[in-house]
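# Survey of secondary and tertiary structure
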Amino acid sequence: MGGILGVSMAAGFKGADLRAHALRTLGGQARILARLWRSRPKGMKQTLRGFRVGQLDIEGVLDAFLPAGFPEDFGDLQVPAQVVATDYYGDQEIVIGEGSVRKALAATACMPPVFLPVVRDGRLLIDGGLRNPVPFDLLEGKADVIVAVDATGTPARQKGGPKPMETMYGASQHMQRAIMQAKMRPGLPTALLTPAIGGYRSLDFGRTAEILEATKGLKDEVKRVVDAAFENWRRPAA
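Once a new chain begins, its residue numbering starts again from 1 and follows that chain's sequence as written. Residues qualify for local features only when their pLDDT is at least 70, as the model is predicted, and side-chain atom pairs are given and counted only at 80 or more; totals for whole chains, interfaces and linings, by contrast, use all residues. As a rule here, side-chain values cover all heavy atoms of the structure and leave hydrogens and water aside.

What follows concerns the overall build of the protein chain. Across its full length, the protein chain holds 9 helices and 6 strands. Relative accessibility thresholds used throughout: buried, under 20% of the residue-type maximum; exposed, over 50%; partly exposed, between the two (1.4 Å probe, protein chains only). Within the protein chain, buried positions represent 37% of all 238 residues. Whether two residues are in contact is decided by their heavy atoms, any of which lying within 4.5 Å being enough. Once local pairs closer than 6 in sequence are excluded, the contacts in the protein chain between residues at least 24 apart make up 67%. Helix and strand assignments come from DSSP, with helices taken as H or I runs of at least 4 residues and strands as E runs of at least 2, each series counted from the N terminus.

Turning our attention to the sheet that holds strand β3 (residues 118–120). The pairing of strands in a sheet comes from backbone hydrogen bonds and takes either a parallel or an antiparallel form. The antiparallel open sheet is built from 4 strands, whose spatial order is β2-β1-β4-β3. One side of each edge strand has no neighbouring strand; the edge strands of this open sheet are β2 (92–96) and β3. Direction aside, the axes of adjacent strands within the sheet are offset by 50° on average. One bridge is not enough; two strands pair if DSSP finds at least two bridges between them. Two strands pair when backbone bridges link them, and strand β1 (residues 83–87) and strand β4 (residues 123–127) are joined in this way by 3 bridges, in the antiparallel orientation. The partner of D87 across the bridge, within β4, is L125. Only C-alpha atoms enter the line fits that serve as axes; for helices the fit covers just the stretch in contact. Angles between N-to-C directions range over 0 to 180 degrees.

On to the packing of helix α5 (residues 58–65) against helix α6 (residues 101–108), then. When two helices pack together, their arrangement is given by the angle between the helix axes and by the axis-to-axis distance. Running from N to C, α5 and α6 cross one another at 115°; their axes reach a closest spacing of 9 Å. Regarding the angle of α5 to α6, the classification is roughly perpendicular. Judged by the sense of rotation from one axis to the other, the crossing of α5 with α6 is right-handed. Contact with α5, carried on its side by I58, E59, L62 and D63, involves R102, K103, L105 and A106 of α6 and no other residues of that element. A per-class count over the contact of α5 with α6 returns 4 nonpolar, no polar and 4 charged. For classification, angles of less than 35 degrees are called roughly parallel, those exceeding 145 degrees roughly antiparallel, those between 65 and 115 degrees roughly perpendicular, and all remaining angles oblique. Two helices crossing with the near one rotated counterclockwise from the far one by less than a right angle form a left-handed crossing, whereas a clockwise rotation gives a right-handed crossing. Each residue is assigned to one of three groups, with Ala, Val, Leu, Ile, Met, Phe, Trp, Tyr, Cys and Pro labelled nonpolar, Asp, Glu, Lys and Arg labelled charged, and all others, Gly among them, labelled polar.

Here's what the structure looks like:
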């Protein structure tokens, strides 16, 4: 999701427009299911190409949910951007900043086992967050001020305990938080923002309006942190 939003901003979409689009497309279970239905295989050829029961083609899902007018190529973005994917067989993170935007976003957001892996340049790619959940380290030496947003969250408490699939997602959250803690060091990132989303689950897209309301207070924190970061950057060293 971070890659999708980051590239959307780099494409020139404003925050208010993205918010309105999210509420319009994710404003309830019925709307989400209707769009997911549109992303289903359209014929036997697509089905034989790799569709499996229980796994969605994420490129089709992106086509159903991305705003109209989304750029096709990284070269068409207004601001340079990169996203991270995980090379399933290559045991490494893959940084993508050129070529097809949709293919790159599909790879970086390919959460197993919900989505089919994405094939790009001969590699089988899945969710970049599995190796680098908040890739602020890629900007080291390239930016004076680095503001990171960690939306990894923590497992949501549930009556009766988590279901098997939710246990897997929760385990992934623990792993990602451990990666984040291991990467942190003085001065990197300049500022780290952590939305209070611990009460929500990984696939709670139908609760978009509720999540936006619960985290709206972070807006003022963003302004304060960014202003302080730039003020410190401008201040000459003693």
